[in-house]
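# Results of the structural survey
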Amino acid sequence: MTPHLRRRAPLVLAALLLCLAGGDAHPARQVVALFPPEALDSAPDNVLRPALPILETMLKEKLEDRFDVRSTGPAAAPGTREQRRRKARTLGASYILSGSLSRIGKSVTLDVTIAPTEEPEKGRTVVVTGALEDPSPSSPGYAALFRRLGTEASLKLKYLFFGDERVADGAGVRKIPKLSGTIARSAPLSGEVISFAASDLDLDGKVEFAAAYPDSIAIYRVEGDELREKTRIPNAGPNLIHVDVADVTHNGIADIVATRFVGGKALSDIWQYDGKEYRKITADLPYFLRVADLGPEGVVLLGQEPDPEKVYRGGVFRLSVNRYGMAEVKDRDIPLPLPQGTFLYAFAALKKGKTLRYAVLTARDRFVYIDTDGRELGEGLEAVTGPEMALATAKRSVPMPPRMLAVDLDRDGSDELVLLNDLVAAGTYFENVRVYSHAELLSFAQGEKSLQLAWRSPQSDVSARDLALDRSTPGTARFAVASRDRGKLLGGAAEWRVLWVK
């Protein structure tokens, strides 16, 4: 891979980590290092301290059905943030669970926070309260109170972390269908998958996958859990970074939109099936390109200018392409109503009834939810991470955002946001170098003022590169995840496969 496309983890580090745990992909539970809560009590005898073992036991018992909980022991608490990080690393934990218990008069408050081991600022906190009528640890109600607090905090934490399908409150509550959690794995693909997308590409009435490799694009048909190569576009590169498929020429045939990034320049091509082969109808457009369904406007081709120093610049604008491949920028002075500095690949357009809203990934890896006029409605708490790939110039490196899909899962006329979230392996920050070891899917539902986590899939035990929705079987849907096979790194390049998440 040429220097413009830099990984955030050297291959040697990835090989050392990934070769330790080969084998089939399967759902994994998140590993959590449980630090005993701290007792913050101003009373000289600290009447809260005897409750700490009760809370630790309850948290562990109530969370073990969803997490792999590993206790750190009383010697590990409280400790500094760095001490906790090192302890969690020794346990192989991706998350740290910590908290505190405080008292003002009879009122007792337990707050519990779960945070990524390497990024504690991205933590989520739940708070529960109770009344301590008798501060004596031997009283009948003492243990019962703290068992209840531990149980309530565990339930809230699981709901907050996993979503559990239910969103909104009261009469407006609705259930967003989640995945079963099963993961199947395809046979190896021929090369390093950079990006892929799915649609009917040759008018045969069946779904095909277009998979971008660094220097070519392969077209696959779907056969069960396998992708069978139908043909290949050999000269589509070099240095492909993104591929989309949609009918951008509006002639009834899905086009392949492919973008390259070379030496600070973005160059994009559009390919179309002519009945015999895939022919390039548009060449070397000097923009980053992607497609999006903008609701009333339908499927639209979007572009953004590259910058030789900053990677990209300016707003996101529309392009029109006629059936002969002639492209024209439309209304450059009226870009999409996105926050200034938004990267073309860092947002999703979401239909909400007859209106349109946007989920925009900020520099802090969190989503801002905005309306069709660009007004910010709210910011989400969940932090997400893209694949181990970045676009780089001599002065700046921009991580590629995760693939974001707009899918109406509950068929209510409003889209849910489904995205691929790559996870950093615990203990693998080496001078800001990250090794990615797991991946998961997240689904967010639209509220009036925010995006709310609806569900979180089980983790696969491999990192991932891209995500596509597969509807090749009528009436069903599954998600296809392009992923490196962690057991095939020795002796050369890794093998890439598709993980079918159902």
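What comes next is a walk through the structure. What you see is a predicted model, and the numbers here were worked out from it, not measured in a lab.

## Brief notes about the overall build of the protein
From N to C terminus, the protein includes 4 helices and 35 strands. In the protein, once contacts between residues fewer than 6 apart in sequence are set aside, the share between residues at least 24 apart is 55%. Of the accessible surface of the protein, which amounts to about 21,500 Å², a share of 52% is contributed by carbon and sulfur atoms.

## Digging into the nonpolar core
Formed by 44 residues in total, the largest nonpolar core has its most connected members in Phe288, Leu294, Leu302, Phe343, Tyr358, Phe367 and Leu417. Looking at this core, the element that brings in the most residues is strand β24 (residues 355-361), giving 5 residues. For Tyr358, the contacting residues outside a window of four places in its chain are Leu294, Leu336, Pro337, Leu338, Phe347, Ala348, Ala349, Val368, Tyr369, Ile370, Asp371 and Thr372. Grouped together as the second largest cluster of nonpolar side chains are 30 residues, Leu55, Val69, Leu101 and Val112 included.

## Things to note about the pattern of salt bridges
Inspection of the entire model under this criterion finds 40 salt bridges. For Arg85, the salt bridge identified is with Glu82, shortest N-O distance 3.0 Å. Linking Arg85 with Glu82, this pair stays in helix α3 (residues 81-90), spanning 3 residues, or about one helical turn. For Arg85, a relative accessible area of 14% corresponds to the buried category. Between Arg332 and Glu305 there is a salt bridge, and its shortest N-O distance comes to 2.5 Å. Here Arg332, found in the loop between β22 (327-330) and β23 (347-352), pairs with Glu305, found in strand β20 (residues 299-307); they are 27 residues apart in sequence, far enough to count as distant. Its relative accessible area of 40% is what places Arg332 among the partly exposed residues. When salt bridges with common partners are traced through the structure, they connect Asp202, Asp204, Glu208 and Lys230 into a single cluster.

## Notes on helix α2 (residues 52-63)
Between the first and last C-alpha of α2 there are 16 Å, a value that for 12 residues agrees with the 16 Å anticipated at 1.5 Å per step. Taken as a whole, α2 has its buried residues at Leu52, Leu55, Glu56, Met58, Leu59 and Leu63. All buried residues of α2 lie within an arc of 165° about the axis, which places them on one face of the element. Those residues of α2 that are buried lie in contact with β2 (30-34), β3 (38-40), β4 (67-71), β5 (95-104), β6 (107-116) and α4 (140-162).

Rules used in this analysis
Residues numbered from 1 in each chain as written. Predicted model: local features only at pLDDT ≥ 70, side-chain atom pairs only at ≥ 80, totals over all residues. Heavy atoms only, no water. Helix = DSSP H or I, 4+ residues; strand = E, 2+ residues; numbered from the N terminus. Contact = heavy atoms within 4.5 Å. Areas by Shrake-Rupley, 256 points an atom, 1.4 Å probe, with all protein chains shown as cover. Core = buried A, V, L, I, M, F, W, Y, C linked by side-chain atoms within 4.5 Å. Buried < 20%, exposed > 50% of the residue type's maximum accessible area, 1.4 Å probe, protein only. Salt bridge = Lys/Arg side-chain N within 4 Å of Asp/Glu carboxyl O. Expected span 1.5 Å × (residues − 1). Arc of directions from axis to C-beta.

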